[in-house]
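Reading the structure
This is what each chain is made of:
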Amino acid sequence: MDLYAYHYTPSLRHKILSLLLLPFSALYGLIATLKRLAPRILYGKQGRDFGLPIISVGNLIAGGSGKTPFIIALCKHLCLFRYGHIAIISRGYKRQSKGLIWVSRQGRILADVATSGDEPYLIASALAGHNVSVLVCKNRAKAIKQAKAQGAQLILLDDGFRFCFKKFDVILRPSFEPFYPRFIPSGLYRESHSLYGKLASSPRAIIAQDNIDFTREVQITNPSPKMFLITAIANPTRLLAFLPIAMDKDCEIIGRQFFPDHHHFTPQEIHAILGSYAPTSLLTTQKDATKLQDFSQILSIMELALHIHPSIVCALRAYIDEMDSSPRERSERDLCIADYLYTPNIPPPSATLATDTPAYQSTHLSSDDPVQILCAIEKRIFASLARAQCPNATSKSSPLESTFSTSILLAWAWLPCDTTSVQNGLLDSALGILENAFCDGLVDFWLDARLYTSKAPSHTHRLSLAQSFPYRSSAWHYLFDTLFAPLCASIETGAKMADIGAKMGAKAPEISAKVEANKAKQAKVAKVDSSDALAALRTQAKELSWDSPELFSITTLRIGLTKKGWGYYKQRITMP
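Because the structure is a prediction, the values reported are computed rather than measured. (Residues numbered from 1 in each chain as written. Predicted model: local features only at pLDDT ≥ 70, side-chain atom pairs only at ≥ 80, totals over all residues. Heavy atoms only, no water.)

Things to note about the overall build of the protein chain
Counting its regular elements, the protein chain contains 22 helices and 16 strands. Classification of the 576 residues of the protein chain by burial places 51% in the buried group. Within the protein chain, counting contacts between residues at least 6 apart in sequence, those at least 24 apart form 75% of the total. Total accessible area computed for the protein chain in this model is approximately 26100 Å², and 56% of it derives from carbon and sulfur atoms. (Helix = DSSP H or I, 4+ residues; strand = E, 2+ residues; numbered from the N terminus. Buried < 20%, exposed > 50% of the residue type's maximum accessible area, 1.4 Å probe, protein only. Contact = heavy atoms within 4.5 Å. Areas by Shrake-Rupley, 256 points an atom, 1.4 Å probe, with all protein chains shown as cover.)

Dropping the structure here:
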């Protein structure tokens, strides 16, 4: 029976079968709910506390929601903000080993794919060289204790929703959901579909909607004229939607064969395909490629890049900082534009800029020393770009010319966007510094629509702002009027409301209520996103270009240091 058709496009026969399986689904649902809720009797509603931040990435349905690429993308973001040693814990489904296995330790791979399982091995390979460890163990509590004992400061749980731990749950919701909102086997749900509504209002959970809160981009490496698609992932038909976008005109797929999820390919199976179809290469996923290393010379790999909306990452960073019990307090060096806009209730910036690298010297923000303030702001802007573009930017290696691929979303750059800084004029000063940096050729901007479409930008659309205008000064004024001016107006509105609320205090509680409502609204509106325009962009009814300023936002523009900017950063900003 075609399970995909049964769960997503059922016929009358499938619907009758689903009704017959309802008693078994009721039993499954009862057991699943009891297993999730029973530990609360022992550990309470918040769950077992391990004394460090834990983020679980899971879903309510069985497989196929993108947990593995989401964890990889999220971990890369967190590494940029120096959260220390991160441990990723997975069960290691269908691995050929038992007990607790260290797949990698702080970026160094220690186990093979058979011992670790395909997904944990893929995660370890993608994060090699980072301060990240990957463990597999059926007993998640045991793995957390072991990781903490080895110095882990942050835990990412792969598929850990059902565990009664004190954690933050990220629930991935697919854009195309199963036809039946029922438990297995009548439907595809491992947990109740009604949990979507309950988790949406939980302070310790967030629903990440596919194609809205995160998008996928697929590019094929080593393509060939005649490719045969082979894969062993859950819901493999979802790959077909990416192939017309990712494939070259001179390439075609001559056949396909789908295997059960986590299937370990045998040489006999591969040779049978090669003998029957004579393809020029085997097209497969990154996950499947880990199990086809003996045939690496004939593989065409669908490289998946997942782009997470900054609002999701900022919510998780706010949770981590709230849970962090280490002496290191959250300072401005860890903040970015997105932090201020998507989590507007964060505390105001500290008076000092104390850091642990030569790039950040302790600088007192004093109104009596405006030159020192400007120097501190300049350091913070340049260092945020350097940190994201090159984590080892303080090394003596020669920087390369910044391009689209090495730039970062404007959301991840730093500007003093809190209300205190706005009232003190620091935001205006920062924008003045950014204007000078752009006009002097130290930074540049690029367009990026990948958070809203699955298409990679074409070569012609990767032209920078400076390349698209005859004069940098006119280019800056164009960008300022269409992006930064609305951003400033939105933040200033929030600052004025906060100031009014503070002055009125208890005399007018309705004002305070309006202030809080405005903060909540600011978290959505201050994205500087036109919802209608971005909806059009998502459906590809509009094309992002330098001639579509209504689509400019901190999530559709990128910023990066030019080669001249890198030199300035090395010589001026990193000097003691």
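Considering the sheet that holds strand 12 (residues 281-285)
The 5 strands lie next to each other as 9-13-12-10-11, forming an open sheet whose pairing is mixed. The sheet terminates laterally at strand 9 (214-221) and strand 11 (252-258), the two strands that pair on one side only. Strand-to-strand, the axes of this sheet are offset by a mean angle of 25°, without reference to chain direction. Judged from the 3 bridges that link them, strand 10 (residues 226-231) and strand 12 form a sheet pairing that is parallel. In the strand pairing of strand 12, Met 227 is matched with Ser 281. Where helix 11 (residues 267-277) meets the sheet, it contacts strand 10, strand 11 and strand 12, and its direction lies at approximately 150° from that of strand 10. (Pairing = 2+ DSSP bridges. Axes fitted to C-alpha atoms, helices over the stretch in contact; angles between N-to-C directions.)

Considering the pattern of salt bridges
Scanning the entire structure with this criterion turns up 15 salt bridges. Close ionic contact of Arg 36 with Glu 191 constitutes a salt bridge, the shortest N to O distance being 3.1 Å. Of this pair, Arg 36 sits in helix 3 (residues 22-37) while Glu 191 sits in the loop between strand 7 (168-173) and helix 9 (195-200), and the two are 155 residues apart along the sequence. Owing to a relative accessible area of 6%, Glu 191 belongs among the buried residues under this scheme. For Arg 450, the salt bridge is made with Glu 217, and the minimal N-O distance between the two is 3.1 Å. Taken together, the residues span a long stretch of sequence, with Arg 450 in the loop between strand 15 (443-447) and helix 18 (465-468) and Glu 217 in strand 9 at a distance of 233 residues. Of the two residues examined, Arg 450 and Glu 217, each falls in the buried class. Counted as one network, the salt bridges with shared partners bring together Glu 217, Asp 448, Arg 450 and Arg 558. (Salt bridge = Lys/Arg side-chain N within 4 Å of Asp/Glu carboxyl O.)

Regarding the packing of aromatic side chains
Scanning the model with the defined rule gives 21 aromatic pairs in all. Between Phe 168 and Tyr 319 the ring centres are 5.3 Å apart and the planes differ by 50°, which places this aromatic pair in the tilted class. Here Tyr 319 lies in helix 13 (residues 310-323) and Phe 168 lies in strand 7, a separation of 151 residues in the sequence. Through pairs of rings, three or more aromatic residues link up here, namely Phe 438, Phe 445, Trp 476, Phe 480 and Phe 484. One Lys or Arg, Arg 317, reaches over the ring of Phe 81 and ends 3.7 Å from the middle of that ring. Across from the ring centre of Trp 414, 5.4 Å away, lies the NZ or CZ of Arg 380, which sits over that ring. (Phe/Tyr/Trp six-rings, centres within 6.5 Å; stacked < 30°, edge-to-face > 60°. Lys NZ or Arg CZ within 6 Å of the ring centre and 35° of its normal.)

What about the sheet that holds strand 6 (residues 154-158)?
Reading across from one edge, 4-3-5-2-6-1-7-8 is the order of the 8 strands in this open sheet, with mixed pairing throughout. Edge positions in the sheet fall to strand 4 (108-109) and strand 8 (205-209), since each of these pairs with one other strand and no more.

Thoughts on the UniProt feature "transmembrane region" (unreviewed entry) in the protein chain
UniProt tags residues 16-38 as "transmembrane region" (unreviewed entry). Helix makes up 91% of residues 16-38 and strand 0%, and the two end C-alpha atoms of the span are 34 Å apart. (UniProt positions renumbered as here; feature names shortened; annotations may be inferred.)

A short note on the UniProt feature "binding site: ATP" (unreviewed entry) in the protein chain
Residues annotated by UniProt as "binding site: ATP" (unreviewed entry) correspond here to Ile 61, Ala 62, Gly 63, Gly 64, Ser 65, Gly 66, Lys 67 and Thr 68. Mapped onto the secondary structure, Gly 64 falls in the loop between strand 1 (54-58) and helix 5 (67-80). Judged by relative accessible area, which is 18%, Gly 64 ranks as buried. Excluding its chain neighbours within four sequence positions, the residues that come into contact with Gly 64 are Ala 234 and Arg 238. Residue placement: Gly 66 occurs in the loop between strand 1 and helix 5. According to the relative accessible area criterion, Gly 66 is buried, its value standing at 9%. Contacts of Gly 66, omitting those with residues within four sequence positions, involve Leu 172, Arg 216 and Leu 306.

Focus on helix 3
The first and last C-alpha atoms of helix 3 sit 22 Å apart over 16 residues, in line with the 22 Å expected at 1.5 Å per residue. Within helix 3, the full set of buried residues consists of Ser 25, Gly 29, Ala 32 and Arg 36. Looking straight down helix 3, one finds its buried side chains confined to an arc of 70°; they lie on one side. Of the exposed residues in helix 3, those oriented more than 90 degrees away from the buried face are Pro 23, Phe 24, Leu 30, Leu 34 and Lys 35. Looking at the packing, one finds that the buried side of helix 3 touches helix 9. (Expected span 1.5 Å × (residues − 1). Arc of directions from axis to C-beta.)

With respect to helix 7 (residues 118-126)
Judged by how many residues are buried, helix 7 sits mostly within the fold: 7 of 9 residues are covered. Of all the residues in helix 7, the buried ones are Asp 118, Glu 119, Pro 120, Tyr 121, Leu 122, Ile 123 and Ala 124.

A word on the side chain of Arg 95
Among the secondary structure elements, Arg 95 is positioned in the loop between strand 2 (86-90) and strand 3 (101-105). Here Arg 95 is buried and forms no salt bridge, its nearest opposite-charge partner Asp 112 lying at an N-O distance of 9.9 Å. Within the structure, Arg 95 has its side chain in polar contact with the side chain of Ser 97 (distance 3.0 Å). Side-chain polar atoms of Arg 95 contact the backbone oxygen of Gly 99, separated by 2.8 Å. Residues in contact with Arg 95, not counting those within four places in the same chain, are Ile 101, Ala 114, Thr 115, Ser 116, Gly 117, Val 136, Cys 137 and Lys 138. (Lys, Arg positive; Asp, Glu negative; His and termini not counted. Polar contact = N/O pair within 3.5 Å; in protein donor to acceptor, adjacent residues only side chain to side chain.)

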